[in-house]
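# A look at the structure
Single-letter residue listing:
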Amino acid sequence: ACVVGRGIVNIHAELDRTMTGEQDKLKPGQKFPTPTRGNGDRVFYETLLRQRPDSEMAQEWCVNYGVLPEEEAAKAYKKVLKRKGKQKSGTSTGTPSTSVKKAKKTKKVIGDVEYDAGMDAGGDEGIGVAAL
């Protein structure tokens, strides 16, 4: 508990102690501290994962923040690693790739039409000028 008279320094020290205690209990793949149940991001990603269990984005977020139960976290972490492994191995090939230049797209200008919207200020009109 924080003492009111000691200020913000003790609040941060208390948070540090809490965080270091939680770091001993990290779940598989967890990189960040687990947000509270009312956190907007957590609500969004947990709901997304419940509605769409195949959502890669939701799986990765829930694993990174440790919001899943231990067994589910282990399964989801394996899926994330497998997916990331495929991405990494798929992008790197042993041979240098040749770059294919795409043709530049040119913009067609049909015609410059001058249009006056009537928005110019008149001689005695001005911003902030009040009639007395």
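Presented here is a report on the structure given in the accompanying data block. Residue numbers restart at each chain and count upward from 1, following the sequence in its written direction. The predicted origin of the model limits local features to residues at a pLDDT of at least 70 and limits the giving and counting of side-chain atom pairs to 80 or more, whereas totals for whole chains, interfaces and linings rest on all residues. Remark: hydrogens and water are excluded; side-chain values derive from all non-hydrogen atoms of the structure.

Quick look at the overall build of the protein chain now. Helix and strand definitions follow DSSP, with helices as H or I runs of at least four residues and strands as E runs of at least two, each counted in order from the N terminus. The helix and strand tally for the protein chain stands at four helices and zero strands. Shown N-terminal to C-terminal, the secondary structure of the protein chain runs as helices and strands in the order α-α-α-α. Looking at the 132 residues of the protein chain, the share that counts as buried comes to 16%. In this description, contact between two residues means that some pair of their heavy atoms is separated by no more than 4.5 Å. Considering only contacts in the protein chain between residues 6 or more positions apart, those separated by 24 or more positions represent 46%. Surface accessibility of the protein chain: about 11,900 Å² in total, with carbon and sulfur atoms responsible for 55%. Exposure classes here rest on a 1.4 Å probe applied to the protein chains alone. A residue is buried below 20% of its type maximum, exposed above 50%, and partly exposed in between. All accessible areas in this document rest on Shrake-Rupley with a 1.4 Å probe, and a residue is counted as covered only by the protein chains that are shown.

As for its position among the elements, glutamate 46 is in helix H2 (residues 40–51). For the pair formed by glutamate 46 and glutamine 59, sequence separation is 13 residues and the distance between their alpha carbons is 8.9 Å. When sequence neighbours within four positions are dropped, the list of residues in contact with glutamate 46 reads Cys62 and Val67.

Here a Phe, Tyr or Trp ring, Trp counted by its six-membered ring, pairs with any other such ring whose centre lies within 6.5 Å, and the pair is stacked when the planes are under 30 degrees apart, edge-to-face when over 60, and tilted otherwise. Per the stated rule, a full pass over the model turns up four aromatic pairs. Seen from their ring centres, phenylalanine 44 and tyrosine 45 are 4.9 Å apart, and the 80° between their planes marks the pair as edge-to-face. Given the relative accessible area of 45%, phenylalanine 44 is considered partly exposed. Judged by relative accessible area, tyrosine 45 falls into the buried class, the value being 16%. Both rings, one in tyrosine 45 and one in tryptophan 61, keep their centres 4.8 Å apart while their planes meet at 10°; by these two values the pair is stacked. Of this pair, tyrosine 45 sits in helix H2 while tryptophan 61 sits in helix H3 (residues 56–65), placing them 16 residues apart in sequence. Side by side, tyrosine 45 and tryptophan 61 carry an identical accessibility label, which is buried.

Another aspect to go through is H3. Of the positions making up H3, those classed as buried are Ala58, Gln59, Trp61, Cys62, Val63 and Asn64. In the stretch just after H3, glycine 66 is the one whose phi turns positive, near 65°.

All right, on to the pattern of salt bridges then. For salt bridges, the criterion is a side-chain nitrogen of Lys or Arg within 4 Å of an Asp or Glu carboxyl oxygen. This model, assessed by the stated rule, comprises three salt bridges. For glutamate 46, the salt bridge is made with arginine 42, and the minimal N-O distance between the two is 3.2 Å. Here glutamate 46 and its partner arginine 42 are both found in helix H2, four residues apart, which amounts to about one turn of the helix. Given the relative accessible area of 7%, arginine 42 is considered buried. Notably, a salt bridge pairs glutamate 56 with arginine 83, separated by 3.8 Å at the nearest N-O pair. Remark: arginine 83 occurs in helix H4 (residues 70–91) and glutamate 56 occurs in helix H3; sequence separation between them is 27 residues. Residue glutamate 56 is classed as partly exposed on the basis of its relative accessible area, which comes to 44%. You can call arginine 83 buried: its relative accessible area is 19%.

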